[in-house]
Amino acid sequence: KKNILKDFVSNILFCQERISKTVYQYSEAMPVQHWVLTNEKKYLLGYLCKSATLTFRGRKYKAWYTEEIPKNDGPYIFQGLPGLILKITDEHGQYDFTAVGIVKKKMDIYWRNESGIETVSRENFRKIQRNYFENPGIFMSGKAYDDTGKIISIPINKNLYAPLELE
């Protein structure tokens, strides 16, 4: 599970995710997203929504947002439209975030802060993530060697590596 905290005051995005037994954390400047507004409209959850498209970190998306909730936010790290994003889908339908309800109440923010969290750069996190999904056996066991002492890959069924961000 990935935890995301958006600090709109400082314009910083914080991410935490567990990979195997380790929780990794990184921060980055809030990504700039260049939306193209369209004329399409439809209703979601009783709200009139407009559509917009975006090419972001290797994927193309279509979003539906409502100006009836003037909150410049959305799921995952998506934001930047003149209303709350209620649905966003990549062009292949591999990723689809759809609001199923809206509850208006104050809630505490959940953020892990125990010792042992590894702080890394976004770039290094992506390398760790890719390594884990493409070769989980070696990642979990640490190392595997052939009879000459050379590190080898253990033939294991790979997990599907289809990250939301392709770049």
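To be clear, the structure that these remarks concern was listed above.
All residue numbers refer to positions counted from 1 along the written sequence of the respective chain. Only residues with pLDDT of at least 70 are given local features in this predicted model, and only at 80 or more are side-chain atom pairs given and counted; all residues enter the totals for whole chains, interfaces and linings. Hydrogens and water molecules were not included; the side-chain quantities draw on all heavy atoms of the structure.

Caption draft 1: Up close: the nonpolar core. Buried Ala, Val, Leu, Ile, Met, Phe, Trp, Tyr and Cys residues form a nonpolar core when they are joined through side-chain atoms within 4.5 Å. Only protein chains enter the accessibility calculation, which uses a 1.4 Å probe; a residue whose area is less than 20% of its type maximum is buried, one above 50% is exposed, and one in between is partly exposed. Formed by 24 residues in total, the largest nonpolar core has its most connected members in Trp 35, Phe 78, Leu 81, Ile 85 and Ile 88. Helix numbering and strand numbering both begin at the N terminus, where a helix is a DSSP run of H or I of at least 4 residues and a strand a DSSP run of E of at least 2. Listing elements by their share of this core, those giving two or more residues are strand 2 (12-19), strand 3 (22-29), strand 5 (47-56), strand 6 (59-66), strand 7 (84-90) and helix 1 (122-134). The contact criterion used is simple: two residues touch if any of their non-hydrogen atoms lie within 4.5 Å. Those residues within four positions of Trp 35 in sequence are excluded, and the remaining contacts are Ala 52, Thr 53, Leu 54, Ala 63, Gln 79, Gly 80, Leu 81, Ile 85 and Ile 88. With 7 residues, the next largest nonpolar core counts Leu 44, Cys 49, Trp 64 and Ile 69 among its residues.

Caption draft 2: Up close: the sheet that holds strand 8 (residues 96-98). In this analysis, strands are considered paired if DSSP registers two or more bridges between them. Across the sheet, 5 strands lie side by side as 4-5-6-7-8; this open sheet has antiparallel pairing. On the outer flanks of this sheet lie strand 4 (36-44) and strand 8, each paired with one strand and no other. Going from strand to strand, the sheet's axes swing by 30° on average, the running direction of each strand aside. Of the pairings in the sheet, the one linking strand 6 to strand 7 comprises 6 bridges and is antiparallel in character. Each bridged residue has a counterpart across the sheet, and for Tyr 61 the counterpart in strand 7 is Asp 90. As a rule, the C-alpha atoms of each element are fitted with a line to give its axis, helices using only the stretch in contact, and angles between N-to-C directions run from 0 to 180 degrees.

Function-wise, these values are silent; they only describe arrangement.
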